[in-house]
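# Chains, contacts and geometry: an overview
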Amino acid sequence: MEILLIIVSAIFVNNIVLSQFLGICPFLGVSNKLSTATGMSAAVCFVITLATLVTYLLNKYLLVPFNLTFLQTISFILVIAALVQTVEIVLKKMSPSLYQALGIFLPLITTNCTVLGVSIVVVTKEFAFGGAAHMLNLGEALVYAFATSLGYGLAMVIFSGIREHLALNNVPKPFKGIPIALITAGILAMAFMGFSGIA
């Protein structure tokens, strides 16, 4: 039951983009077309889950035992950057087709604050389930990371679909481009607020 609560909460209730406002730059910048939004979502899903695994283990077995938790943010940034570069090199050698499919999205993820945000939330925030608050174990952390990235992807795909339709409509000149995108994102965030109270 706790796993289901984590999944529903991460995807709908506490959506990383629409509730916590992390990853807004790629959310607005890469969502012009559905194909680019889908590619970015897949790459973010892969990297967030992998980065959460590595940063969780780094925090648990290196930073906490040696009382170096003050280095969490900087060490997580370095780990994420190194991880993205390593994944890019490995994919280029092992699976050129997947590397071509991800294309420009993999390097863009290095600067996506969503990855860092999820890694920090997993190791610092206490989650309350059944009235008792506790830190996530590794399995729950990976489920939370994967569900959060699915929520990110869901928001990106919905938003890009709306933006494709907006491009075909006659939008008043002052609202064209980013202004109508921000208004649409605000309305989408309000729609996602309807899920609050579910989990």
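As the structure is a computational prediction, the values presented were derived from the model and not from experiment. (Residues numbered from 1 in each chain as written. Predicted model: local features only at pLDDT ≥ 70, side-chain atom pairs only at ≥ 80, totals over all residues. Heavy atoms only, no water.)

### What about the packing of aromatic side chains?
Heads up, the rule is: Think of it this way: a Phe, Tyr or Trp ring, Trp meaning its six-membered ring, pairs with another when their centres are within 6.5 Å, and the plane angle makes it stacked under 30 degrees, edge-to-face over 60, tilted otherwise. The way it works is that DSSP assigns letters per residue, a run of H or I at least four long becomes a helix, a run of E at least two long becomes a strand, and they are numbered from the N terminus.
For the structure shown, the criterion picks out four aromatic pairs. Seen in terms of ring centroids, phenylalanine 127 and tyrosine 144 are 5.2 Å apart; in terms of plane orientation they differ by 65°. Their pairing is edge-to-face. Taken together, the residues span a long stretch of sequence, with phenylalanine 127 in strand E1 (residues 127-129) and tyrosine 144 in helix H8 (residues 138-168) at a distance of 17 residues. With a centroid separation of 5.6 Å and an interplanar angle of 70°, the aromatic rings of phenylalanine 192 and phenylalanine 195 are classed as edge-to-face. Every member of this aromatic cluster is reached through a ring pair, and the members are Phe12, Phe192 and Phe195.

### What about the nonpolar core?
What counts, and what does not: We define a nonpolar core as any set of buried Ala, Val, Leu, Ile, Met, Phe, Trp, Tyr and Cys residues linked to one another through side-chain atoms lying within 4.5 Å. Each residue's exposure class comes from its accessible area (1.4 Å probe, protein chains only) as a fraction of the maximum for that residue type: buried when under 20%, exposed when over 50%, partly exposed otherwise. Note on definitions: a residue-residue contact is assigned when non-hydrogen atoms from the two residues lie within 4.5 Å.
Judged by nonpolar contacts, the single largest core of 51 residues is most densely connected at Leu18, Phe27, Met40, Leu106, Ile109 and Tyr144. Listed by contribution, the elements that provide at least two residues to this core are helix H1 (2-13), helix H2 (24-29), helix H3 (34-63), helix H4 (72-94), helix H6 (105-109), helix H7 (113-124), H8 and helix H9 (178-193). With 10 residues, H3 is the single largest residue contributor to this core. Look past the residues within four positions of isoleucine 109 in its chain and what remains in contact with it is Met40, Ala43, Val44, Val47, Val84 and Val115.

### Describing the side chain of threonine 148
You can see threonine 148 is positioned in helix H8. Residues within four places of threonine 148 in sequence aside, it is in contact with Ala10, Ile16 and Val118.

### Comments concerning H7
Residues lying three or four places apart along an α-helix face the same way, a consequence of the helix completing one turn every 3.6 residues. Rules: What a helix is expected to span follows from its residue count: subtract one and scale by 1.5 Å.
With 12 residues, H7 extends 16 Å between its outermost C-alpha atoms, agreeing within 8% with the 16 Å of an ideal straight helix rising 1.5 Å per residue. Looking only at H7, the buried set comprises Thr114, Val115, Leu116, Gly117, Val118, Ser119, Val121, Val122 and Val123.

### Quick word on the environment of leucine 83
Within the secondary structure, leucine 83 is located in helix H4. Linking leucine 83 and leucine 53, residues 30 residues apart in sequence, is a C-alpha distance of 11 Å. Discounting residues that sit within four places of it in the chain, leucine 83 has contacts with Leu50, Ala51 and Val54.

### Notes on the confidence of the model for the chain
For clarity, the cut-off: Here pLDDT means the predictor's own confidence in every residue, given as a number from 0 to 100.
Scored by pLDDT, the chain has a mean of 88; 96% of the residues are at 70 or more. H8 holds the highest mean pLDDT among the elements of the chain, 94, whereas E1 holds the lowest, 73.

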